[in-house]
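Each chain is listed here by its residues.
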Amino acid sequence: MPTYQHQDLRAGVRDLCKTFPDAYWRDLDTRREYPEAFVQALTRAGYLAALIPEEFGGSGLGVSEASVILEEINRAGANSGACHAQMYTMGTLLRHGSDEQKRKYLPAIASGELRLQAFGVSEPTTGSDTTQLKTTAVRKGDMYVIRGQKIWISRAEHSDLLLLVVRTTPIAEITKRTDGLSILLVDLRQALGHGLTIRPIRTMMNHATTELFFDDLEVPADALVGEEGKGFRYLIDGLNAERILIAAECVGDGRWFVDRATKYANDRVVFGRPIGQNQGVQFPIARAHVNIEAADLMRIRAAELFDRREPCGAEANMAKLLAADASWEAANVAVQTHGGFGFAEDYDIERKFRETRLYQVAPISTNLILTYVAEHVLGLPRSY
Ligand SMILES: Cc1cc2nc3c(=O)[nH]c(=O)nc-3n(C[C@H](O)[C@H](O)[C@H](O)COP(=O)(O)OP(=O)(O)OC[C@H]3O[C@@H](n4cnc5c(N)ncnc54)[C@H](O)[C@@H]3O)c2cc1C
């Protein structure tokens, strides 16, 4: 799936993104506001329903195509982080939900009538150690009662539904550390103000992330997705797709930075010649390009394996790491190439620089990917 493939899909996304120019994103960034009009336009065009099977109203495309959509969004200077989760959060429902849940939710998610783009895993005191999470859901009759706290739950204020990971069996009663967690599909519209409080967190970039407080929130027992206690496995099942899609966003960011740096290096004349004529300026841009292309190959390989339903854990993780590193390198190069203007809001480099930095940490930090590769690919001892 090199860049020359999926040309029609790429062209369609690019055309849509052209109607949301740099100034649109810059303005929202200043006000820390959600790109509602952009997300609505993407939804209307059907792009966010790419991974939903046709029988449920989506386009039934693979991760290869879905990743192209997100790559092109980021390559256009926009930010998929506002909506990427609408594409893949439903995967847990699709793979593990009951027929009734799928019929009830998937068509409405495909049409955009319902947004399922909030995913609640992270907690303030457990961090990357997901198996230790503490938010509990206790079964009482035909309800679950939820108590605890989540942090960094993005887009919760712009979502109708939340896929929430909770502990249904106390840690003291489980034998395997991955047991005892469950997944609940929480209707945020009903929960808000009835046991759920959402507090926005202002971050260095415009990313609608929040903290969630559950104070005996009651949800119906049929909110459970799949079997009780198997939530960790369901969570893991969705991670490869997420990593490949985020890798594609990083590739898109990286290409945007290289495009901008190249243009500026050609145009900016200092000491009587374009700065890009100096090897000290052109080599870092060329190297950033090389690294993005290499990361893209791993992303393509991971996506193809995923779409053929072959094991792709190693490739998905490596693609995420390589692409996040490559986009961050390209971001630094773009700032350096622009000199002082790299810091000026009007040039958008600093905004994208802040946005792409996230992917060294979320949805999984670089170190945790390296621990995966060390343990599961190379057979080194588990380090944590
Ligand atoms: C803007 C933003 C949006 C987010 N959106 C969501 C969301 O929608 N839903 C959600 O559930 N979460 C979300 N997250 C949370 C994100 O997934 C976590 O921040 C990430 O997984 C890292 O966890 P942590 O912040 O608790 O860091 P920690 O686990 O505390 O780690 C801190 C640092 O220590 C390192 N570290 C920890 N343990 C080890 C080890 N054993 N070996 C080596 N290094 C280690 C990590 O790599 C990291 O650099 C978001 C985060 C941010 C910042």
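Above this text is the structure in question.
An account of the accompanying structure is given in this report. All residue numbers here refer to positions counted from 1 along the written sequence of the relevant chain. With the structure being a predicted model, the display of local features is reserved for residues of pLDDT at least 70 and the display and counting of side-chain atom pairs for 80 or more, all residues being used for whole-chain, interface and lining totals. Side-chain metrics in this entry use all non-hydrogen atoms of the structure; hydrogen atoms and water are not considered.

Bringing helix α2 (residues 22–31) into the picture now. Working definition: with a 1.4 Å probe on protein chains only, accessible area under 20% of the residue-type maximum means buried, over 50% means exposed, and in between means partly exposed. A helix here means a DSSP run of H or I that spans at least four residues, while a strand means a run of E at least two residues long, and both kinds are numbered starting from the N terminus. Where α2 is concerned, the buried positions are D22, W25, L28 and D29. The buried residues of α2 all sit within an arc of 135° when viewed along its axis, so they share a single face. In what follows, a contact means two residues having at least one pair of non-hydrogen atoms within 4.5 Å. Looking at the buried side of α2, the elements it contacts are α3 (36–44), α9 (231–267) and α12 (349–357). Just past α2, the residue R32 takes up positive phi, approximately 50°. Picture the helix axis, draw a direction to every C-beta atom, and the arc is the one those directions span.

Right, let's get into empty space enclosed by the protein. Using a grid of 1 Å spacing that covers the protein atoms alone, one calls a set of points a cavity when a 1.4 Å probe fits there but cannot get out, and a pocket when the set is open and has protein on both sides within 12 Å along at least five of seven lines; lining residues are those with an atom within 4 Å of a point. Grid points are joined across faces, edges and corners, and a volume is the space filled by probe spheres set on the points. Evaluation of the coordinates by the stated rule reveals one cavity of 30 Å³ or more. Of the pockets and cavities examined, the largest cavity occupies roughly 30 Å³. As for the largest cavity, its lining consists of T43, G46, Y47, L48, A49, Q86, I109 and A110. Charged residues are taken to be Asp, Glu, Lys and Arg, nonpolar residues to be Ala, Val, Leu, Ile, Met, Phe, Trp, Tyr, Cys and Pro, and polar residues to be all remaining types, Gly included. Taken together, the residues that form the lining of the largest cavity break down as five nonpolar, three polar and no charged.

Nearness of a residue to a molecule or strand requires only that one of the residue's heavy atoms be within 4 Å of it. With respect to spatial proximity, 19 residues lie near the ligand, and among them F119, S122, S128, W152 and S365 are the closest. Under this definition, polar contacts are N or O atom pairs within 3.5 Å; protein pairs additionally need one hydrogen-donor-capable and one acceptor-capable atom, and for neighbouring residues in sequence, both atoms have to be side-chain atoms. Here W152 contributes a backbone N or O atom positioned 2.8 Å from a nitrogen atom of the ligand. At a separation of 2.8 Å, a nitrogen atom of the ligand approaches a polar side-chain atom of S154. Here the ligand, which alone exposes 970 Å², has 66% of that area covered by the protein. Put simply, the parts of the chain that give the shell around the ligand at least two residues each are β3 (143–154) and α13 (366–377). Broken down by element, the shell around the ligand gets its largest block of residues, three residues, from β3. In short, Shrake-Rupley with a 1.4 Å probe defines the accessible areas, and a residue's cover is counted only from the protein chains shown.

Mapped onto the elements, Q117 comes out in strand β1 (residues 116–120). Of the polar contacts made by the side chain of Q117, one reaches the backbone oxygen of H158; its length is 2.9 Å. Setting aside its immediate chain neighbours within four residues, Q117 contacts Y34, A82, C83, A85, Q86, T89, S154, R155, H158, S159 and L161.

Here the focus is the nonpolar core. In this structure, F38, I73 and I109 are the most contacted members of the largest nonpolar core, which totals 86 residues. Per-element tally for this core: the top contributor is α9, with 16 residues. By convention a nonpolar core is built from buried Ala, Val, Leu, Ile, Met, Phe, Trp, Tyr and Cys residues, the set being connected through side-chain atoms within 4.5 Å. Of all hydrophobic cores here, the second largest spans 22 residues; its members include I153, L162, L188 and A191.

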